[in-house]
Amino acid sequence: MKVEIPIILISIENDGFHLMINAKVNGNKINLLVDTGASRTVFDSNRIKKIINTDNLQKNERLSAGLGTNTMESEIAVIDKFAFSKIKIKKYNAVLIDMSHVNEMYESIKLPQIDGVLGSDLLLKHKAIIDYKKRILKLYA
């Protein structure tokens, strides 16, 4: 099954673009930055903890790198329902990191805040194709 998700093209201070899609976690709408350079899909711990069960959070023993920092601590959580368009994932093992520095930068230039980053793990699994002309993200379930 092919799924086409509208891409929101965000201009970054006339110096490039970020791609964003809408998704849902446990029925709540979230904004995900599409990042083909991110090895894994991650969520902002500050924002996502408001909509997931935090009873079983575990500290991730490995440090994460990226998003403007060399190393950062992360946590592992199970997200009951994670969906982007018609692709639905139950019991998704998610990595949570503090993305406050990204959201502070976005806020300072009047951009919508992000709840996470859709990374290469899910982009590869669902054979992603970014169509810039049509502004859609094509995925296969």
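One structure accompanies this document, and this report is about it. (Residues numbered from 1 in each chain as written. Predicted model: local features only at pLDDT ≥ 70, side-chain atom pairs only at ≥ 80, totals over all residues. Heavy atoms only, no water.)

1. Some remarks on the sheet that holds strand 12 (residues 129-131)
No. 1: The three strands lie next to each other as 1-13-12, forming an open sheet whose pairing is antiparallel. Of all the strands in the sheet, the pair left with one neighbour each is strand 1 (2-6) and strand 12. The sheet shows a mean angle of 25 degrees between the axes of neighbouring strands, taken without regard to direction.
No. 2: Across three bridges, strand 12 lies against strand 13 (residues 136-140) in antiparallel orientation. Counterpart to Ile-130 in the pairing with strand 13 is Leu-137. (Pairing = 2+ DSSP bridges. Helix = DSSP H or I, 4+ residues; strand = E, 2+ residues; numbered from the N terminus. Axes fitted to C-alpha atoms, helices over the stretch in contact; angles between N-to-C directions.)

2. Considering the packing of aromatic side chains
Think of a pair of aromatic rings as described by two things: how far the centres are apart, and how the planes are tilted against each other in angle.
No. 1: Tallying each qualifying case throughout the model produces four aromatic pairs.
No. 2: A centroid spacing of 5.3 Å and a plane angle of 45 degrees characterise the contact between Phe-82 and Tyr-92, whose relative ring orientation is tilted. Of this pair, Phe-82 sits in strand 9 (residues 74-84) while Tyr-92 sits in strand 10 (residues 87-97); the two residues are 10 residues apart in sequence, bridging distant segments of the chain. Across the pair, exposure class does not vary: Phe-82 and Tyr-92 are buried alike.
No. 3: Three or more aromatic residues joined by ring pairs form one cluster here, namely Phe-43, Phe-82, Phe-84 and Tyr-92. (Phe/Tyr/Trp six-rings, centres within 6.5 Å; stacked < 30°, edge-to-face > 60°. Buried < 20%, exposed > 50% of the residue type's maximum accessible area, 1.4 Å probe, protein only.)

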